[in-house]
Amino acid sequence: MAQKYLIRRDTGAWVLQVWVAFAAAVALCVAGVWNAPGEGIDRAFLAIAFLFGLSAAFGVAKTVRDNRDEQVDTPAWILQVWAAFAVSVIVTLWGLSRLELAGWERGYMFAAWLFLISSTFTLAKTVRDNHEAGLLEASQSVAERGPETTAQAPRALP
C-alpha cells in the first residue's frame, strides 16, 4: 500500500494577502522612486537597484529552497546568487544615501525597499509551497489508482 502524506495548503486568505502585500510593496517603491526629488538619472538608478534587489531576492529564495534537502546547485552558482543579493543591497543603500532626501523621505524609501524584499521572499515561498503540494497530490493520486491506470490509450485525431 502506498504511503499517504498529509498535504497542507495555504488558505485562500493567506495567498491573497501575500499577493496584495507584494503588489503594495511594488506600488510603494514605484511611487517613492517616481516622486523622489533629484535628477532623473538618480531616480532611474534607484529604480534599477530596486529591480535588481527584487530579482536577486527571488534568486536567493529559489536557490535556498532548491538546496533544502540536498545540494543540487554548484557551489559557484550558490556563491553567485548570494553575491548578487549582497551587491543589490549595497547598491540600493548607496543609491539611497546618494539621493538628497529629507529624513522621512529616506525612511519611506528604505521601508518600502525592505517591504519589497520581505514580500518577495514570502511570495516565492507561497508559490513554491503551492507547487510542491500540487506535485505531492498528483503523485498520491497516481499511487492510489495504481500503475495500470496511469497509461492512457492514444486518442485518434479528429
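The preceding data block contains the structure.
Because the structure is a prediction, the values reported are computed rather than measured.

Procedures and definitions
- Residues numbered from 1 in each chain as written.
- Predicted model: local features only at pLDDT ≥ 70, side-chain atom pairs only at ≥ 80, totals over all residues.
- Heavy atoms only, no water.
- Helix = DSSP H or I, 4+ residues; strand = E, 2+ residues; numbered from the N terminus.
- Salt bridge = Lys/Arg side-chain N within 4 Å of Asp/Glu carboxyl O.
- Buried < 20%, exposed > 50% of the residue type's maximum accessible area, 1.4 Å probe, protein only.
- Contact = heavy atoms within 4.5 Å.

Caption draft 1: Seen up close, the overall build of the protein chain. Assigned secondary structure in the protein chain consists of four helices and zero strands. Element order for the protein chain, N to C, with α for helix and β for strand: α-α-α-α.

Caption draft 2: Layout of the pattern of salt bridges. Across all of its chains, the model carries ten salt bridges by this definition. In this structure, the salt-bridge partner of Arg 65 is Asp 129, at a minimum N-O distance of 2.4 Å. Residue Arg 65 is located in helix H2 (residues 40–66), and its partner Asp 129 is located in helix H4 (residues 103–145); the two are separated by 64 residues in the primary sequence. Here the two residues Arg 65 and Asp 129 agree in accessibility, since each one is buried. In this structure, the salt-bridge partner of Lys 125 is Asp 129, at a minimum N-O distance of 2.5 Å. One end of the pair, Lys 125, and the other, Asp 129, are both in helix H4, four residues apart, so they sit about a helical turn from each other. In the salt-bridge network here, residues are joined through shared partners; they are Lys 62, Arg 65, Asp 66, Arg 68, Asp 69, Lys 125, Arg 128, Asp 129 and Glu 132.

Caption draft 3: Main features of the side chain of Thr 63. Tracing the chain through its elements places Thr 63 in helix H2. Looking at Thr 63, the relative accessible area reads 4%, which means it is buried. Setting aside anything within four residues of it in sequence, one finds Thr 63 in contact with Asp 73, Trp 77, Ile 78 and Val 81.

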